[in-house]
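Structural characterization, general
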Amino acid sequence: MRIGILSDTHDNLQMVDAAVGQLNRERVDLVLHAGDYVSPFVVPRLANLQSPLIGVLGNNDGDHHLLSARFAEYGHLSLRGRFAAVTAGGMTIGLLHGDDRELLQALIGRKAFDVVVHGHTHQAGVRTPCGAVVVNPGEACGYLTGRPTVAILDTVTRDVELLTL
């Protein structure tokens, strides 16, 4: 299974469209969004994904109720709150934004998940402390680093590819 991963879209509609287009071209089976959509008007753009999306809220997301309502308008989009435990491709995945550093470190250190996905820092990276694959897809918006990125996780090989948009 191939899982697309993105985070920190921050209302940048051009880059949301680019990320959606890239993930559709990659033919991912599932997309995980680690939060910071910011405003509900990005949700219809995410709805152009050809695969289901599971997302969580980030620290910059404004109107949680309206974001949830917009997600609910699309059958293949699911907003889970601040955390989601996902099982996909035979792997357990913890999905959170990552702004609560203590929680993020506890999830990694307790080895509760095969994969931990987070955003928040806007810094793309993959590491494997304690045997878990920890993925930060970086920022899809490109605002802080100037390098908009997404990631793709292959659940069979456990390889993660970081793609620049």
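Shown above is the structure to which this text applies.
Computed from a predicted structure; not experimentally measured. What you see as residue numbers is a count from 1 along each chain, following the sequence as written. Totals for whole chains, interfaces and linings use all residues, but because this is a predicted model, local features are given only for residues with pLDDT of at least 70 and pairs of side-chain atoms are given and counted only at 80 or more. For side-chain calculations, the full set of non-hydrogen atoms in the structure is used, while hydrogens and water are omitted.

**A word on the sheet that holds strand E5 (residues 83-88)**
Consider a sheet: its strands pair through backbone hydrogen bonds, and that pairing is either parallel or antiparallel. Where we set the bar: At least two bridges found by DSSP between two strands is the condition for calling them paired. Helix and strand assignments come from DSSP, with helices taken as H or I runs of at least 4 residues and strands as E runs of at least 2, each series counted from the N terminus. Fitted lines through C-alpha atoms serve as axes, helices being fitted only where they are in contact, and the angles separating the N-to-C directions of these axes extend from 0 to 180 degrees.
Read across the sheet, five strands follow the order E5-E6-E7-E9-E8 without closing on themselves; strand pairing throughout is mixed. The open sheet has two edge strands, E5 and strand E8 (125-127), and neither has a second partner. With direction set aside, neighbouring strand axes in the sheet form an average angle of 15°. Pairing of strand E7 (residues 115-117) with strand E9 (residues 133-136), which is carried by three bridges, proceeds in the parallel orientation. Within the sheet, the bridge partner assigned to Val-117 lies in E9 and is Val-135.

**Topic: the environment of Leu-46**
For clarity, the threshold we go by: Each residue gets one of three labels from its accessible area relative to the maximum for its type: buried under 20%, exposed over 50%, partly exposed in between, using a 1.4 Å probe on protein chains only. Throughout, a contact is declared for two residues whenever any of their heavy atoms are within 4.5 Å.
Tracing the chain through its elements places Leu-46 in helix H2 (residues 43-46). On the basis of relative accessible area, Leu-46 is assigned to the buried category, the value being 2%. Separated by 91 residues in sequence, Leu-46 and Pro-137 have C-alpha atoms that sit 16 Å apart. Contacts of Leu-46, omitting those with residues within four sequence positions, involve Val-16, Val-20, His-33, Tyr-37, Leu-53, His-76 and Leu-77.

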